[in-house]
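Close look at the chain arrangement
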Amino acid sequence: MKERTSRPIAVFDLDGTLADTAHRQRFLERQPRDWDAFFAAASEDPPLAEGVALALKNAQECEVVYLTGRPERCRRDTVDWLAAQGLPEGRIWMRRNDDRRPARRTKLEILRRLARDREVRVLVDDDELVCVDAERAGFKVVRARWAATSAALKDAQGREGRT
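Residues numbered from 1 in each chain as written. Predicted model: local features only at pLDDT ≥ 70, side-chain atom pairs only at ≥ 80, totals over all residues. Heavy atoms only, no water.

For the structure shown, the criterion picks out three aromatic pairs. Where W35 meets F39, the ring centres are 5.9 Å apart and the plane angle is 25°; that geometry is what we call stacked. Of this pair, W35 and F39 both sit in helix α1 (residues 35-40), four residues apart, which is roughly one turn of that helix. Of the two residues, W35 and F39, neither departs from the other in class, the shared state being buried. Measuring from centroid to centroid gives 5.2 Å for F38 and F39, while their planes differ by 75°, and the two rings are edge-to-face. Note on accessibility: F38 and F39 belong to one class, buried. Taken together, the ring pairs connect W35, F38 and F39 into an aromatic cluster. Positioned above the aromatic ring of F38, the side-chain terminus of R24 is 4.3 Å from the ring centre. (Phe/Tyr/Trp six-rings, centres within 6.5 Å; stacked < 30°, edge-to-face > 60°. Helix = DSSP H or I, 4+ residues; strand = E, 2+ residues; numbered from the N terminus. Buried < 20%, exposed > 50% of the residue type's maximum accessible area, 1.4 Å probe, protein only. Lys NZ or Arg CZ within 6 Å of the ring centre and 35° of its normal.)

Time to look at the environment of T106. Mapped onto the fold, T106 is located in helix α4 (residues 103-117). Contacts of T106, omitting those with residues within four sequence positions, involve R95, D99 and R101. (Contact = heavy atoms within 4.5 Å.)

What follows deals with the side chain of D15. Position of D15 relative to the elements: it lies in the loop between β1 (9-12) and α1. For D15, the side chain forms a polar contact with the side chain of R70, separated by 2.6 Å. (Polar contact = N/O pair within 3.5 Å; in protein donor to acceptor, adjacent residues only side chain to side chain.)

Turning to unusual backbone geometry, a few remarks are in order. In this model, Q31 is joined to P32 through a cis peptide bond whose omega is -5°. Within the element layout of this structure, P32 appears in the loop between β1 and α1.

Attention shifts here to the pairing of strand β3 (residues 92-95). Successive residues of a regular strand alternate their side chains across the two faces of the sheet. Where strand β2 (residues 63-71) and β3 come together, three bridges link them in parallel fashion. Of the residues in β3, the one forming a bridge with Y66 is I92. Crossover handedness for the path β2 to helix α3 (residues 75-84) to β3: right-handed. (Pairing = 2+ DSSP bridges. Right-handed = clockwise from strand over helix to strand, strands pointing away.)

Before going further, it helps to spend a moment on helix α5 (residues 128-136). A turn of α-helix holds 3.6 residues, and therefore any two residues three or four places apart point the same way. For α5, every residue scored as buried is listed here: V130, C131, D133 and A134. Here the buried face of α5 lies against α4, β4 (120-125) and β5 (141-143). The opening residue of α5 is D127, an N-cap whose side-chain oxygen sits 3.0 Å from the backbone nitrogen of L129. G138 lies just past α5 and shows a positive phi near 100°.

Attention shifts here to the side chain of N58. Along the polypeptide, N58 turns up in helix α2 (residues 49-58). If we ignore the near neighbours within four places in the chain, the residues touching N58 are A10, F12, V64 and V122.

In short, geometric facts, not functional conclusions.
The structure is reproduced here in C-alpha cells:
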C-alpha cells in the first residue's frame, strides 16, 4: 500500500540527463575503455540546462531522487556535483562497484522497489532501453534527448553495465 501522505517521487538519471558527459566520452572510445578516467572526470561535467530545469520544476510537487548507473565509488563526487548545480537534495541510487548488469535491469528493479511505497510520478532518463522497459512496466517516462551521446556510451549503457 502506498503512503498517501508522502509526496510523489520524480526520478532523474544523471549522465546525459542532468550532466553533460561529452567531454569524457573520449575515454570510452578507446580500447580498452578507461572507466576509471571516465568516472573520475564526472566532477567536471557541465550541467544540462533542460534537465536541471525539469528537476527544479518537479521538485515543486515531488521528492526528487537520483537513479544512476554510476558506481558507488563515485558517490562523494556525485553529491558534490549535484549541490554545485543547485539541484535538490535527494536520495541517490547508485550501482554497486562490481555490478555489471545492464542499466535497463538495475534501474527497473529500483523503480519497482520505489513504487511499492510511493507514487513514482516520472522517470527522466536518456537511455532508450531503460525508457522502453520502464514504460512497459507502467511508469511515466520523459526521454532526455537534449544531450549528444557517443556510440561507445550507448554500447556501455546497453551491454556493458557500466553507466
